[in-house]
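# Examining the three-dimensional arrangement
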Amino acid sequence: MNFIEAIILGIIQGLTEFLPVSSSGHLELVKVLLGDNSLPQESLTFTVVVHFATALSTIVIFKKDIFQICKGLFQFKWNEEFQFSLKIIVSMVPAVVVGLIFEEQFEQFFGGEILLVGFMLIITSLLLLFADRAKNTTKKVTFFSAIVIGVSQALAILPGISRSGATISTSVLLGVDRVQAARFSFLMVVPLIFGKIGKDVLSGSIDFHGAQIGVLGAGFIASFIAGIFACKWMIAIVKKSKLSYFALYCFIIGVIAISVTLSTK
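## Comments concerning the overall build of the protein
- When you go through the protein residue by residue, the secondary structure sums to 12 helices and zero strands.
- Buried positions account for 50% of the 265 residues belonging to the protein.
- Intrachain contacts of the protein at a sequence separation of at least 6 include 82% that bridge at least 24 residues.
- Entry remark: accessible area of the protein is about 12,700 Å², with carbon and sulfur atoms responsible for 71%.

Here's what the structure looks like:
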């Protein structure tokens, strides 16, 4: 992977992280189009780094919310801020458990498994379609819904399953207000990404040396800047747009990915 490819992939990650179209799935598709021959572990390393960049962009956009979460967590009072902080923690549990137990197995999915990405994009499409038909409400996230949303986030580790699409759709299907669903979806992933990259750095799973540093740095910067714009854009879109548009997009891309893969075998 060269600098130009890293920048392209970084921009794609930044733009698609907040849209319900699967950033990891798009990264795998574009890697194949660019002829990237990275090993699964190296591919996953780049994916983790650009996800880390979009996590930072989320912090920039939601800095006030994150401050309130941290403040609420250390108040130790059963108020709204403290409860919301606990819900974020509860939502992380399924993804942490799945990630720790099946990490090596999931690494293999980040090596150009385009057929898998295609089918997962179609599943994302169906999730968005069902959510689009759900009624609008003003309900907030409960502890039960936080657990269920966390399970959907854990499943979204698979490339092609949109994390934001799965979590927002699950929230809406559970009756959570759409704007609240988007806010919770964006905030719940930040601690996971920081925890993931911290674990990988400490364990030595990610190597930041040699020529790879420049490539990872280019992807990181591109993803961070694109993420800033995409996050603001998505916040505005979620109040007006329908999830069916994204459902149609995911379905089309999924069918194309499957068709191309089967035609070359």
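## What to know about the pattern of salt bridges
- Applying the stated criterion across every chain yields a total of three salt bridges.
- Residues Glu 17 and Arg 163 are paired through a salt bridge, measuring 3.7 Å at the closest nitrogen-oxygen approach. Here the residue Glu 17 occupies a position in the loop between α1 (3-16) and α2 (23-33), and Arg 163 occupies one in helix α8 (residues 163-173), the gap between them amounting to 146 residues.
- In this structure, the salt-bridge partner of Arg 183 is Asp 65, at a minimum N-O distance of 2.7 Å. Taken together, the residues Arg 183 in helix α9 (residues 178-188) and Asp 65 in helix α4 (residues 63-73) connect sequence positions 118 residues apart.

## Focus on the nonpolar core
- Membership of the largest hydrophobic core comes to 40 residues, with the highest contact counts inside it found for Ile 88, Phe 184, Leu 187 and Phe 246.
- Secondary-structure elements contributing two or more residues to this core are α4, α5 (80-107), α6 (114-132), α7 (143-155), α8, α9, α11 (211-240) and α12 (243-263).
- Tallying contributions element by element places α9 first for this core, with six residues.
- In this structure Ile 88 touches Ile 69, Phe 184, Leu 187, Met 188 and Pro 191, once residues within four positions along its chain are discounted.
- Within the second largest apolar cluster, 11 residues are counted, among which are Leu 9, Leu 27, Phe 46 and Leu 216.

## Topic: the packing of aromatic side chains
- As enumerated under the stated definition, the model contains seven aromatic pairs in all.
- The interplanar angle of 10 degrees and the centroid separation of 6.1 Å between the aromatic rings of Trp 78 and Phe 143 together place this pair among those described as stacked. On the criterion of sequence distance, the pair formed by Trp 78 in the loop between α4 and α5 and Phe 143 in helix α7 is long-range, its members being 65 residues apart.
- The structure contains a cluster of three or more aromatic residues connected by ring pairs, namely Phe 18, Phe 62 and Phe 186.
- Over the ring of Phe 143 we find Lys 87, and its NZ or CZ is 5.5 Å from the ring centre.
- Here the basic side chain of Arg 183 rests over the ring of Phe 84, its NZ or CZ set 4.5 Å away from the ring centre.

## Some details on the environment of Ser 171
- When you line up the elements, Ser 171 lands in helix α8.
- Residue class for Ser 171 comes out buried when judged on its relative accessible area of 1%.
- Look past the residues within four positions of Ser 171 in its chain and what remains in contact with it is Ile 149, Val 176 and Ala 181.

## Some details on a nonpolar patch on the surface
- On the surface, a nonpolar cluster with roughly 510 Å² of combined accessible area is contributed by Leu 248, Phe 251, Ile 252, Val 255, Ile 256 and Val 260.
- Counting through the fold element by element, Ile 256 comes out in helix α12.
- The class of Ile 256 is partly exposed, set by a relative accessible area of 45%.

## Re the packing of α8 against α9
- Packing of α8 against α9 brings their axes to within 9 Å, and their N-to-C directions diverge by 140 degrees. It follows from the interaxial angle that α8 and α9 lie oblique. Crossing geometry of α8 relative to α9 is assigned as right-handed. Judged by residue contacts, Arg 163, Ser 164, Thr 167, Ile 168, Ser 171 and Val 172 of α8 engage Arg 178, Ala 181, Ala 182, Ser 185, Phe 186 and Met 188 from α9.
- Here the residues of the contact of α8 with α9 sort into six nonpolar, four polar and two charged.

## Notes on α9
- Among the 11 residues in α9, eight count as buried, and that is most of the element.
- The N-terminus of α9 is capped by Asp 177, whose side-chain oxygen sits 3.2 Å from the backbone nitrogen of Val 179.

## Focus on the side chain of Ser 223
- Structurally, Ser 223 can be placed in helix α11.
- Apart from residues lying up to four places away in sequence, Ser 223 is in contact with Gly 10, Ile 11, Gln 13, Gly 14, Val 50, Ala 53 and Thr 54.

## Observations concerning the side chain of Glu 17
- Residue Glu 17 is classed as buried on the basis of its relative accessible area, which comes to 6%.
- Setting aside anything within four residues of it in sequence, one finds Glu 17 in contact with Ser 23, His 51, Thr 54, Arg 163 and Ser 164.

Analysis parameters
- Residues numbered from 1 in each chain as written.
- Predicted model: local features only at pLDDT ≥ 70, side-chain atom pairs only at ≥ 80, totals over all residues.
- Heavy atoms only, no water.
- Helix = DSSP H or I, 4+ residues; strand = E, 2+ residues; numbered from the N terminus.
- Buried < 20%, exposed > 50% of the residue type's maximum accessible area, 1.4 Å probe, protein only.
- Contact = heavy atoms within 4.5 Å.
- Areas by Shrake-Rupley, 256 points an atom, 1.4 Å probe, with all protein chains shown as cover.
- Salt bridge = Lys/Arg side-chain N within 4 Å of Asp/Glu carboxyl O.
- Core = buried A, V, L, I, M, F, W, Y, C linked by side-chain atoms within 4.5 Å.
- Phe/Tyr/Trp six-rings, centres within 6.5 Å; stacked < 30°, edge-to-face > 60°.
- Lys NZ or Arg CZ within 6 Å of the ring centre and 35° of its normal.
- Patch = residues over 30% accessible without salt bridge, like charges linked within 9 Å, V, L, I, M, F, W, Y side chains within 5 Å.
- Axes fitted to C-alpha atoms, helices over the stretch in contact; angles between N-to-C directions.
- Parallel < 35°, antiparallel > 145°, perpendicular 65-115°, else oblique.
- Left-handed = near helix turned anticlockwise from the far one by under 90°.
- Nonpolar A, V, L, I, M, F, W, Y, C, P; charged D, E, K, R; others polar.
- Polar contact = N/O pair within 3.5 Å; in protein donor to acceptor, adjacent residues only side chain to side chain.

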